[in-house]
Amino acid sequence: MKVQLQDITVELSGRPVLSDVDLEVRAGEVVGLLGPNGSGKSTLLRTIYRAIRPRDGVVQLGDLDVWRSTTREVARHCAVLTQDNVTEVELNVLDVVLLGRIPHRSLTRRGAGDDIALARHCLAQVDALHLEERMLPTLSGGERQRVMLARALAQQPKVLLLDEPTNHLDIAHQLELLSLVRRRGVTAIVALHDLTLAAAYCDRLVLLEQGRVVSVGAPDEVLTPERVAAVYGITCDVLVHPRTGRLLLALTQAESPAKEPVE
Ligand SMILES: Nc1ncnc2c1ncn2[C@@H]1O[C@H](COP(=O)(O)OP(=O)(O)OP(=O)(O)O)[C@@H](O)[C@H]1O
């Protein structure tokens, strides 16, 4: 499903947070949202899943105008993994994943058994089936993150929005999560801080700075040393992975002070 943002402007507490953002994400495309802290990545995702209403602009999921639809209608198409939906709720893992079925319940004829089979399948996909009977608050940060991804997958979304999904995950699960998102073939918009991971897994990247899109394109078009220096204030050498051919970014502080000699 295509995602389209036109002229999105958001003001929070009277301050502009996003200004005139235009973005078109094609069906099945994985797009990485990059930018320094406070550049507007989470806010942009929130305008798509109806958590922050833009002052101006239109958000569309396929033909659905998000801000003229209900939360439930949007949730039938679009699932979200954020930092703040990892809650202390006193439910076991399987029940948490089953919450992902709620937007579909009145539409589907699936019985509870089908939903449970689907929830277990989603847990297996994120390597968390062994946790199904555990209570959510007893899980580690990374285990919870994977369970919340399983819940999002159980929603069977056509669009997946992921806000820093690799936080808390060990490196193997970081790679597995992003490759799972790719394999699902859904349209995905993923806010990431790790530029090399973004370059490895995203078809295109969108770089934000102070609420404005400063670059959109293939990873090698967006992540040039000059642009990384201008936006993040760091020095960046762009290398090529010897096996995958994807970009590898070697980062150093712009002006590293000379090291004090140790006595
Ligand atoms: N409710 C709010 N009221 C006022 N300002 C807000 C509010 N929520 C966010 N902001 C501001 O909007 C700007 C963009 O925030 P946002 O969370 O979208 O950035 P981000 O790029 O996701 O940052 P990070 O990388 O730190 O997660 C920040 O300056 C933030 O302080």
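Please refer to the structure higher up on the page.
Residues numbered from 1 in each chain as written. Predicted model: local features only at pLDDT ≥ 70, side-chain atom pairs only at ≥ 80, totals over all residues.

Focus on the overall build of the protein
Here is the rule we go by: Secondary structure elements are defined from DSSP: runs of H or I of at least 4 residues count as helices, runs of E of at least 2 residues count as strands, and each element is numbered from the N terminus. Radius of gyration: over C-alpha atoms. The globule rule applied is 2.2 Å multiplied by the number of residues raised to the 0.38 power. Here exposure depends only on C-beta density: within 10 Å of a residue's C-beta, 20 or more other C-beta atoms make it buried, 12 or fewer make it exposed, and intermediate numbers make it partly exposed, the C-beta atoms being placed from the backbone. Note on contacts: each residue gets a C-beta atom placed from the backbone, and two residues are in contact if those atoms are within 7 Å.
When helices and strands are tallied, the protein shows 9 helices and 12 strands. Taken over the C-alpha trace, the protein has a radius of gyration of 20 Å; the compact-globule value for 263 residues is 18 Å, and the two agree within 12%. In terms of its C-alpha atoms, the protein occupies a principal-axis envelope of roughly 65 × 50 × 35 Å. A buried classification covers 36% of the 263 residues belonging to the protein. In the protein, 64% of the contacts between residues at least 6 apart in sequence involve partners at least 24 apart.

Some details on the nonpolar core
Soluble, globular proteins show a tendency: their nonpolar side chains are buried together. Here is the rule: In this usage, the nonpolar core is the set of buried Ala, Val, Leu, Ile, Met, Phe, Trp, Tyr and Cys residues whose C-beta atoms join them within 7 Å. An automatic or database domain assignment supplies the start and end points of every domain.
Residues Ala150, Leu161 and Val190 are the most contacted members of the largest nonpolar core, which totals 68 residues. Ranked by residues supplied to this core, first place goes to helix H5 (residues 141–154) with 7 residues. Here this core spans two domains, and each of domain 1 (1–77 + 157–217) and domain 2 (87–154) adds at least three residues to it. Apart from residues no more than four positions distant in its own chain, Val190 is found in contact with Val30, Gly32, Leu33, Leu162, Pro165, Val181 and Cys202.

Digging into the site of the ligand
This is how it is decided: As a rule, any residue with its backbone-derived C-beta atom within 6 Å of a molecule or strand is reported as near that molecule or strand. Any residue that is not Ala, Val, Leu, Ile, Met, Phe, Trp, Tyr, Cys, Pro, Asp, Glu, Lys or Arg is counted as polar, Gly included; the first ten are nonpolar and the last four charged.
With respect to spatial proximity, the complete set of residues near the ligand consists of Leu12, Ser13, Val17, Gly35, Asn37, Gly38, Ser39, Gly40, Lys41, Ser42 and Thr43. Considering only residue class, the shell around the ligand consists of 2 nonpolar, 8 polar and 1 charged.

Examining unusual backbone geometry
The residue Ser13 is not glycine, and still its phi comes out positive at about 50°. Looking at where Ser13 falls in the secondary structure, it is placed in the loop between strand S1 (3–12) and strand S2 (15–25). Classification of Ser13 as exposed rests on a count of 5 C-beta atoms within 10 Å. In this structure, Gln156 takes a positive phi of about 45° despite not being glycine. Here Gln156 shows up in the loop between H5 and strand S7 (159–163).

Focus on the packing of helix H4 (residues 112–125) against H5
Axis angle and axis distance: for two packed helices, these are the angle between their axes and the distance between the axes, and together they describe the pair. What counts, and what does not: Helix axes are fitted only over the stretch in contact, all axes being lines through C-alpha atoms; the angle between N-to-C directions runs from 0 to 180 degrees. Relative orientations are named as follows: roughly parallel for angles under 35 degrees, roughly antiparallel for angles over 145 degrees, roughly perpendicular for angles from 65 to 115 degrees, and oblique for any other angle. For any pair of crossing helices, the crossing counts as left-handed if the nearer helix is rotated counterclockwise from the farther one by less than a right angle, and right-handed if it is rotated clockwise.
Following both chains from N to C, one finds H4 and H5 inclined at 135°, their axes separated by 8 Å at the closest point. Viewed along their axes, H4 and H5 adopt a mutual orientation that is oblique. Crossing of H4 against H5: the hand is right-handed. Note on element contacts: H5 touches H4 through Ala150, Leu153 and Ala154, opposite Leu118, Ala119, Cys122, Leu123 and Gln125. Class assignment for the residues of the contact of H4 with H5 results in 7 nonpolar, 1 polar and no charged.

Quick word on the sheet that holds S7
Convention followed: Two strands are said to pair when DSSP picks up at least two bridges between them.
Ordered in space as S6-S7-S8-S3-S9-S10, the 6 strands form an open sheet in which the pairing is mixed. Because the sheet does not close on itself, it has two edges, and the strands there are strand S6 (78–81) and strand S10 (212–217). On average, each strand axis in the sheet is tilted by 15° relative to the strand beside it, whichever way the strands run. Sheet topology note: the strand S3 (residues 30–34)/strand S8 (residues 187–191) ladder contains 4 bridges and is parallel. If you follow Val30 over to S8, its bridge partner there is Ala188. The strands touched by H5 are S6 and S7; relative to S6, the strand with the most contacts, the crossing angle is about 175°.

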